[in-house]
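Spelled out from the first residue to the last, the chains are:
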Amino acid sequence: MASVRLKGVYKRYPGGVTAVSDFNLDIEDKEFIVLVGPSGCGKTTTLRMIAGLEEVTEGEIYIGDKLVNDVPPKDRDIAMVFQNYALYPHMTVFENMAFGLKLRKFPKDEIKRRVHEAAKILGIEHLLDRKPKALSGGQRQRVALGRAIVREPKVFLMDEPLSNLDAKLRVQMRAELSKLHKRLGTTFIYVTHDQTEAMTMGTRIVVMKDGFIQQVDTPQVLYEQPANLFVAGFIGSPQMNFIEARVEQKDKNLYVVFGNNAIKLPEGKAKKVEELGYVGKEVIMGIRPEDLHDEEIFLQTAQDAVVDADVDVVEMLGSETLLYVVVDGLNLIARVDPRSKAKSGDRIKLAFDVNRIHLFDKETEKAIV
Ligand code: ATP
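The structure reproduced in this document is the subject of the present report. (Residues numbered from 1 in each chain as written. Predicted model: local features only at pLDDT ≥ 70, side-chain atom pairs only at ≥ 80, totals over all residues. Heavy atoms only, no water.)

**Some details on the site of the ligand**
Then comes step 1: With respect to spatial proximity, the complete set of residues near the ligand consists of Y13, V17, A19, P38, S39, G40, C41, G42, K43, T44 and T45.
Then comes step 2: One of the side-chain N or O atoms of S39 is found 2.6 Å from an oxygen atom in the ligand.
Then comes step 3: In isolation the ligand has 630 Å² of accessible area, and contact with the protein removes 59% of it.
Then comes step 4: Of the residues forming the shell around the ligand, the biggest block, 3 residues, is contributed by helix α1 (residues 43-51).
Then comes step 5: Class assignment for the residues of the shell around the ligand results in 5 nonpolar, 5 polar and 1 charged. (Near = heavy atom within 4 Å. Polar contact = N/O pair within 3.5 Å; in protein donor to acceptor, adjacent residues only side chain to side chain. Areas by Shrake-Rupley, 256 points an atom, 1.4 Å probe, with all protein chains shown as cover. Helix = DSSP H or I, 4+ residues; strand = E, 2+ residues; numbered from the N terminus. Nonpolar A, V, L, I, M, F, W, Y, C, P; charged D, E, K, R; others polar.)

Here you go:
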């Protein structure tokens, strides 16, 4: 079993930095877990504690059923792939991949079998006799992965392994890593600051900030039901629009009011907002760019959810168009159909998809609905 469990884990560095606080997480066997968050949020420290490269200040880490706090890295049955995957320049690809097994005194036949098998999985069999300098960036990255695969570890730990590749190759390697994960059927724990990378590969994602877990869930749930303002803003690109507003009641309906605009909340959301005591209170409304519509069909059906917007910039991306607009002095982004006729300088109407409105508590920043 390659489950990994962290229980109340803290890391305090000498000098007073608490890099990781009260970290609790059950990673199941065969999961592809991604730790994501801005620079300095404690992702690498967490991964290094799982690897045994960093001591745990407080709490427990289990791999399978075994408490590993005091188990040295080499005995943890894990393999780690780093951002700087230095290959030995004077060795061939085969020798680079075989190196760790040789050190561990594996028999020659076994080394050969494992290297060839890993090379086959990664599609680099034809490169085994080459030296690293005769490889492309993507091929080198595959060799680095190969070095980890030959160990046949229970758990793969990866720290930003794609960040040295160019954008196109990164996209390609993302898909390859997902396939590799399925094929190997082992647990992957992957660290990145790139939310797109996290969203495309993780079966579950752990969003971190300032050493604390903010939310753990599938990409879809994180996107659709962010637990707080930070997760809402961090996941999704362009990011969710945030609007300071107030909840007001009129004729038994609830409205989210900002400037001269009032957006009517649908029944389900209104009920919850009322139950939780937010009528008359200040809140932060969140709406994703794709939930603002400029098409006639939406404008006609949207009741009490249409605002006037001045188009500032139009960004045509081919499959979609981004409208940078100003509504009542606020800068918002709408992701609309590429056939949209909106031009810079136009005054247009935008409809809010009210079922997709998020409201956050202004003080705690936690999601209300
Ligand atoms: P990045 O994406 O920039 O790598 P990260 O999320 O991986 O960031 P960590 O490297 O885990 O963050 O660092 C978390 C915090 O701990 C940071 O404030 C960092 O400065 C601090 N830190 C990391 N290593 C040490 C160390 N050896 N001694 C003291 N403080 C450290």
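**Looking at helix α3 (residues 108-122)**
Then comes step 1: Its 15 residues place the ends of α3 21 Å apart at the C-alpha level, agreeing with the 21 Å of an ideal helix rising 1.5 Å per residue.
Then comes step 2: Of all the residues in α3, the buried ones are I111, R114, V115, A118, A119 and L122. The arc that holds the buried residues of α3, viewed along the axis, is 130°, so those residues lie on one side. Exposed side of α3, more than 90 degrees from the buried face: D109 and K120 are the residues found there.
Then comes step 3: Tucked inside the fold, the buried residues of α3 contact α2 (93-103), α4 (137-149) and α5 (167-184).
Then comes step 4: One or two steps after α3, the chain reaches G123, where phi turns positive at roughly 70°. (Expected span 1.5 Å × (residues − 1). Buried < 20%, exposed > 50% of the residue type's maximum accessible area, 1.4 Å probe, protein only. Arc of directions from axis to C-beta. Contact = heavy atoms within 4.5 Å.)

**Considerations on the packing of α4 against α5**
A pair of packed helices can be characterised by two numbers: the angle between their axes and the separation between those axes.
Then comes step 1: Contact pair α4 / α5: the axes reach a minimum separation of 11 Å and the direction vectors enclose 20°. Judged on the interaxial angle alone, α5 and α4 are roughly parallel. The handedness of the crossing between α4 and α5 comes out as right-handed. Judged by residue contacts, G137, G138, Q141, R142, L145 and I149 of α4 engage L169, Q172, M173, E176, L177, L180 and L184 from α5.
Then comes step 2: The residue makeup of the contact of α4 with α5, split by class, is 7 nonpolar, 4 polar and 2 charged. (Axes fitted to C-alpha atoms, helices over the stretch in contact; angles between N-to-C directions. Parallel < 35°, antiparallel > 145°, perpendicular 65-115°, else oblique. Left-handed = near helix turned anticlockwise from the far one by under 90°.)

**Brief notes about the sheet that holds strand β14 (residues 282-287)**
Then comes step 1: Sheet architecture is open: 5 strands sit in the order β13-β12-β11-β14-β20, paired in antiparallel fashion. One side of each edge strand has no neighbouring strand; the edge strands of this open sheet are β13 (261-264) and β20 (358-361). Taken over all neighbouring pairs, the strand axes of this sheet differ in orientation by 40° on average, direction set aside.
Then comes step 2: In this sheet, strand β12 (residues 253-258) lies alongside strand β11 (residues 241-250) in antiparallel orientation, the contact comprising 5 bridges. Of the residues in β12, the one forming a bridge with K250 is N253.
Then comes step 3: Each of β11, β12 and β20 is contacted by helix α9 (residues 267-275), which is oriented at about 85° to β12, the strand it contacts most. (Pairing = 2+ DSSP bridges.)

**Quick word on the pairing of strand β2 (residues 18-27)**
Then comes step 1: Inspection of the sheet shows strand β1 (residues 4-12) paired to β2 by 6 bridges, in the antiparallel sense. Each residue of the ladder has a partner; that of R5, found in β2, is D26.
Then comes step 2: The turn joining β1 and β2, which pair antiparallel and follow one another in sequence, is formed by 5 residues; a positive phi near 105° is taken by G15.

**Structural notes on the packing of aromatic side chains**
Then comes step 1: What the rule picks out here adds up to 7 aromatic pairs.
Then comes step 2: Their ring planes at 55° and their centres at 4.8 Å tell us that Y88 and F99 sit as a pair that is tilted. Of this pair, Y88 sits in the loop between β6 (78-81) and α2 while F99 is found in helix α2, placing the two residues 11 residues apart along the sequence.
Then comes step 3: Overall, F99 belongs to the partly exposed group, its relative accessible area being 28%.
Then comes step 4: A centroid spacing of 6.3 Å and a plane angle of 50° characterise the contact between F258 and F352, whose relative ring orientation is tilted. You can see F258 sitting in strand β12 and its partner F352 sitting in strand β19 (residues 347-352), a full 94 residues away along the chain. Grouping residues by exposure puts F258 and F352 together as buried.
Then comes step 5: Members of the aromatic cluster, each reached through a chain of ring pairs, are F32, F156, F188 and Y190.
Then comes step 6: The ring of Y278 carries the charged tip of K281 above its face, separated from the ring centre by 5.7 Å. (Phe/Tyr/Trp six-rings, centres within 6.5 Å; stacked < 30°, edge-to-face > 60°. Lys NZ or Arg CZ within 6 Å of the ring centre and 35° of its normal.)

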